[in-house]
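Given next are the chains, with one letter for each unit.
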Amino acid sequence: MSSVAQQDIPQHVAIVMDGNGRWAKKRFMPRFFGHKAGVDTLVKVVNHFADRGVKYLTVYAFSSENWKRPEDEVSGLMGLVLVAVSKYLTKMAADGIRIRIIGNRETVSQKLRDAWEQAESVTEGNSRITLSVAFNYGGRWDIVQACQRLLREGVPPSEVNEETLGRYTALSYAPELDLFIRTGGELRISNFLLWQTAYAEMFFTDCLWPDFGKEEIDRALAAYAARDRRYGGLRPAPLVAHA
Ligand code: FPP
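All values derive from a computational prediction rather than experimental measurement.

**A look at the overall build of the protein chain**
Inference 1: Counting its regular elements, the protein chain contains 7 helices and 6 strands.
Inference 2: Mapped from its N terminus to its C terminus, the protein chain presents α and β elements in the order β-α-α-β-α-β-α-β-α-α-β-β-α.
Inference 3: Relative to the 2.2 N^0.38 estimate, which gives 18 Å for 243 residues, the radius of gyration of the protein chain is 19 Å and therefore close to what a compact globule would have.
Inference 4: If you line up the protein chain on its principal axes, its C-alpha atoms span 75 × 50 × 35 Å.
Inference 5: Buried positions account for 49% of the 243 residues belonging to the protein chain.
Inference 6: Counting only contacts in the protein chain whose residues sit at least 6 apart along the sequence, the fraction spanning at least 24 positions is 76%.
Inference 7: Here the protein chain displays about 13200 Å² of accessible surface, and carbon together with sulfur accounts for 54% of that area.

Given below as structure tokens:
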């Protein structure tokens, strides 16, 4: 059981799920084996976070840059989405998970779009936790598409500010991002939630994504609870007793 008090639990956590390929390689298996294990891990992890009281979990499943990978790996990841939806959707719906997809849907196949729409509509009424899956997503793409939509709708420049632009970003339905986690040992954001990471706390771990579980989640939550979030301000002065 976690020792973190409920008021110190982040509302919104994001994860770069890195390390699937290395995890598979260590087992003398093809990279795809690691991605498959990665999906099983994700299904468990979303439940652990929900049990701890986290209400929004956003994960990076396929970046705008992942198209640069070998063709068989790209098509493998696309196929994995279809398998994951047919294997896990019923369970996730029963677990109270609401699924949302963020990213550019225009350049993925119709089959994939249909699978995402099915996952979203079947889980629409759930409220235990919202799992946002970033697929064909990039942080820069998100900011650009927000600007394009805003301009298309004729929002006058005098009304463009952080709040209005934020409303056009892909995660506008979610609260501010509190905690950003990256597994797999790299220390970078890799064009994930650029707008939303403004005041997020960072937690980097060497743990490879398929090995990420309860223990590591509690380590991340404890680290978050120990942080002093000042949002650019100052820590309140300690109370001093005057004689
Ligand atoms: C990074 O590991 C991982 C990815 C690019 C894919 C992440 C996808 C999943 C965990 C599956 C989720 C899928 C669905 C359907 C939600 P890597 O391949 O870069 O690993 P490496 O750094 O060890 O090579």
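Past the structure itself, the notes keep going.
**A short note on the site of the ligand**
Inference 1: Not every one of the 16 residues close to the ligand is listed here, only the nearest: D18, G21, R22, R31 and R69.
Inference 2: At 3.1 Å, a backbone N or O of G21 approaches an oxygen atom of the ligand.
Inference 3: Measuring from an oxygen atom of the ligand, one finds a side-chain N or O atom of R31 at 2.7 Å.
Inference 4: For the ligand, the accessible surface in isolation is 620 Å², of which the surrounding protein chains cover 90%.
Inference 5: Given that more than half its atoms are within 2 Å of the pocket grid, the ligand belongs to the largest pocket.
Inference 6: Among the elements that take part in the shell around the ligand, helix α2 (residues 31-52) stands out by supplying 5 residues, more than any other.
Inference 7: Partitioning the shell around the ligand into residue classes produces 6 nonpolar, 6 polar and 4 charged.

**A word on the pairing of strand β2 (residues 56-63)**
Inference 1: β2 sits mainly inside the fold: 7 of its 8 residues count as buried.
Inference 2: Relative to β2, strand β1 (residues 12-16) runs parallel, the two sharing 5 bridges. Its bridge partner lying in β2, V13 is registered against L57.
Inference 3: Judged from the 7 bridges that link them, β2 and strand β4 (residues 129-137) form a sheet pairing that is parallel. Within the sheet, the bridge partner assigned to Y56 lies in β4 and is T130.

**Examining empty space enclosed by the protein**
Inference 1: Tallied over the entire structure, the rule returns 1 cavity of 30 Å³ or more.
Inference 2: Here the largest cavity defines a volume of roughly 30 Å³.
Inference 3: Around the largest cavity, the lining residues are I101, I102, G103, N104, R105, V108, W116, F135 and N136.
Inference 4: Sorting the residues of the lining of the largest cavity by element identifies β3 (97-102) and β4 as the ones contributing at least two each.
Inference 5: Within the lining of the largest cavity, the residues separate by chemical class into 5 nonpolar, 3 polar and 1 charged.

**Section: the sheet that holds β2**
Inference 1: Pairing in this open sheet of 6 strands is parallel, and the strands run β3-β4-β2-β1-β5-β6 from one edge to the other. Strands at the two margins of the open sheet, each flanked by one partner only, are β3 and β6 (201-204). On average, adjacent strands in this sheet sit at an angle of 20 degrees to one another, irrespective of strand direction.
Inference 2: Across 4 bridges, the pairing between strand β5 (residues 179-182) and β6 is parallel. Looking at β6, one finds that I181 is bridged to F203.
Inference 3: Those strands touched by α2 are β1, β2, β3, β4 and β5, and its axis lies near 140 degrees from that of β4.
Inference 4: Its contacts with the sheet place helix α3 (residues 71-94) against β2, β3 and β4, and it is angled at close to 155 degrees to β3.

Scoring rules and cut-offs
- Residues numbered from 1 in each chain as written.
- Predicted model: local features only at pLDDT ≥ 70, side-chain atom pairs only at ≥ 80, totals over all residues.
- Heavy atoms only, no water.
- Helix = DSSP H or I, 4+ residues; strand = E, 2+ residues; numbered from the N terminus.
- Rg over C-alpha atoms; globule rule 2.2 N^0.38 Å.
- Buried < 20%, exposed > 50% of the residue type's maximum accessible area, 1.4 Å probe, protein only.
- Contact = heavy atoms within 4.5 Å.
- Areas by Shrake-Rupley, 256 points an atom, 1.4 Å probe, with all protein chains shown as cover.
- Near = heavy atom within 4 Å.
- Polar contact = N/O pair within 3.5 Å; in protein donor to acceptor, adjacent residues only side chain to side chain.
- 1 Å grid on protein atoms, 1.4 Å probe; cavity = no way out; pocket = protein on both sides within 12 Å on 5 of 7 lines; lining within 4 Å.
- Sits in = over half its atoms within 2 Å of the grid points.
- Nonpolar A, V, L, I, M, F, W, Y, C, P; charged D, E, K, R; others polar.
- Pairing = 2+ DSSP bridges.
- Points joined across faces, edges and corners; volume = space filled by probe spheres on them.
- Axes fitted to C-alpha atoms, helices over the stretch in contact; angles between N-to-C directions.

So, to be careful, I would describe these as geometric facts and stop short of saying anything about function.
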